[in-house]
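Report on the structure
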Amino acid sequence: MKNMRILNKLIFGMFFFSAVFSFANNKPSINVKEQDSTSQTQRTDSIFEWNKEYVMAVHQKSTQRESKFLSGIISEWDIRKVADFGTKEDDYTVVFITTKGQAEVIYDYEGRIINVKKHLKNIILPVDVYRTVSKKFKGWAIVQNKYKLSFKSGAEVLKSYVVTLEKGNRKKTFHVKV
């Protein structure tokens, strides 16, 4: 009887994992009708392709892990599933919340990302930021940090870290622009 329970749990787990994995890799497409003077054609792009500008602008080799994860969710989130999407030509603001912080994202009426403000706290610092702080403040311990990212379509991405340091009873903050 005990072996049957284990077998049932194992089978259910494998089924659940395969279902989640197959749905996670299913990227819906956005249909866009393009018109020219002679005919009408239809182009199909994945949501990722529409938001590629955002992903390419914010991801670098040294980009922090939690930030990359949140950016992936933001770039692949399907705004078309919102109940009133497409009923008006307004921008849509969506707030994504994680255990490390949040991101406020503005999508245009077609589903493209036009603005992102991301705030994360107490994350693992990228190696280059950690080295910069460690060299400048030898003997100080990093006790807290905040990461801020500001993306606006067509503009430069602004990234910075605010690191709180402690040495004995003394504290100081240090700003690092990336």
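Residues numbered from 1 in each chain as written. Predicted model: local features only at pLDDT ≥ 70, side-chain atom pairs only at ≥ 80, totals over all residues. Heavy atoms only, no water.

1. Things to note about the overall build of the protein
Here is the rule we go by: Each helix is a run of DSSP H or I of at least 4 residues and each strand a run of E of at least 2, with the numbering of both proceeding from the N terminus. Partly exposed residues are those whose accessible area sits between 20% and 50% of the maximum for their type, while under 20% is buried and over 50% is exposed, using a 1.4 Å probe and protein chains only. Here a residue-residue contact requires only that any non-hydrogen atoms of the pair lie within 4.5 Å.
When its secondary structure is counted, the protein shows 5 helices and 8 strands. Listing every helix and strand of the protein by position from the N terminus yields α-β-β-α-α-α-β-β-β-α-β-β-β. Relative to its full complement of 178 residues, the protein shows a buried share of 31%. Summarising the internal contacts of the protein: among those between residues at least 6 apart in sequence, 43% fall at separations of at least 24.

2. With respect to the sheet that holds strand β8 (residues 170–177)
Convention followed: At least two DSSP bridges between two strands are needed for those strands to be called paired. Axis lines are fitted to C-alpha atoms, over the contacting stretch for helices. Their N-to-C directions set the angle, which ranges from 0 to 180 degrees.
An order of β3-β4-β5-β6-β7-β8 is seen for the 6 strands of this open sheet, with the pairing classed as antiparallel. Of all strands in the sheet, those with a lone pairing partner are β3 (92–98) and β8, marking the two edges. Here the average twist between neighbouring strands, direction ignored, is 10°. Against the sheet, helix α4 (residues 65–76) makes contact with β3, β4 (101–107), β5 (113–121) and β6 (141–152), and its axis sits at roughly 150° relative to β5, the strand it touches most. Along the sheet, helix α5 (residues 127–136) makes contact with β6, β7 (158–167) and β8, crossing β8 at roughly 135°.

3. Overview of the pattern of salt bridges
Definition in use: The term salt bridge refers to a side-chain nitrogen of Lys or Arg lying within 4 Å of a carboxyl oxygen of Asp or Glu.
For the structure shown, the criterion picks out 2 salt bridges. For E66, the salt bridge is made with R65, and the minimal N-O distance between the two is 3.8 Å. The exposure class assigned to R65 is exposed, which follows from its relative accessible area of 56%. Residue K171 pairs with E166 through a salt bridge whose shortest N-O separation is 3.9 Å. Residue E166 is classed as partly exposed on the basis of its relative accessible area, which comes to 29%.

4. Quick word on the packing of aromatic side chains
To keep things clear, this is the line we draw: Side-chain rings of Phe, Tyr and Trp, where Trp is taken by its six-membered ring, are said to pair if the distance between their centres is within 6.5 Å; with planes under 30 degrees apart they count as stacked, over 60 as edge-to-face, and otherwise as tilted.
What the rule picks out here adds up to 5 aromatic pairs. Residues F137 and F174 carry aromatic rings whose centres are separated by 5.0 Å and whose planes lie at 70° to one another, so their mutual orientation is edge-to-face. In this pair, F137 sits in the loop between α5 and β6 while F174 sits in strand β8, placing the two residues 37 residues apart along the sequence. Connected via pairs of aromatic rings, a cluster forms that spans W77, F96 and Y107.

5. Considerations on the pairing of β7
Here 9 bridges tie β6 to β7, and the two strands are oriented antiparallel to one another. Counterpart to I142 in the pairing with β7 is L165. With antiparallel pairing between neighbouring strands as the criterion, β6 and β7 make up a hairpin whose turn holds 5 residues, including G154 at a positive phi of roughly 85°. Bridge count for β7 against β8 is 8 bridges, and the pairing is antiparallel. Note on β8: the bridge partner recorded for E166 is K171.

6. With respect to the environment of V127
Here V127 shows up in helix α5. Take V127: its relative accessible area is 51%, and that puts it in the exposed class. When the C-alpha positions of V127 and Q64 are compared, they lie 9.2 Å apart, and in sequence the two are 63 residues distant.

7. Details of the environment of N115
By the element assignment, N115 lies in strand β5. A residue is classified by how much of its surface remains accessible, and N115, at 18% relative accessible area, is buried. Between the C-alpha atom of N115 and that of F151, which follows or precedes it by 36 residues, the distance is 5.5 Å. Residues contacting N115, with those up to four places away along its chain left out, are E104, V105, I106, F151 and K152.

8. Remarks on the confidence of the model for the protein
Definition in use: The predictor reports its confidence for every residue as pLDDT, a score running from 0 up to 100.
When the pLDDT values of the protein are averaged, the result is 76; 69% of them are 70 or greater. Predicted confidence for residues 12–44 stays below pLDDT 50, and this span has 32 contacts to residues more than four positions away or in other chains.

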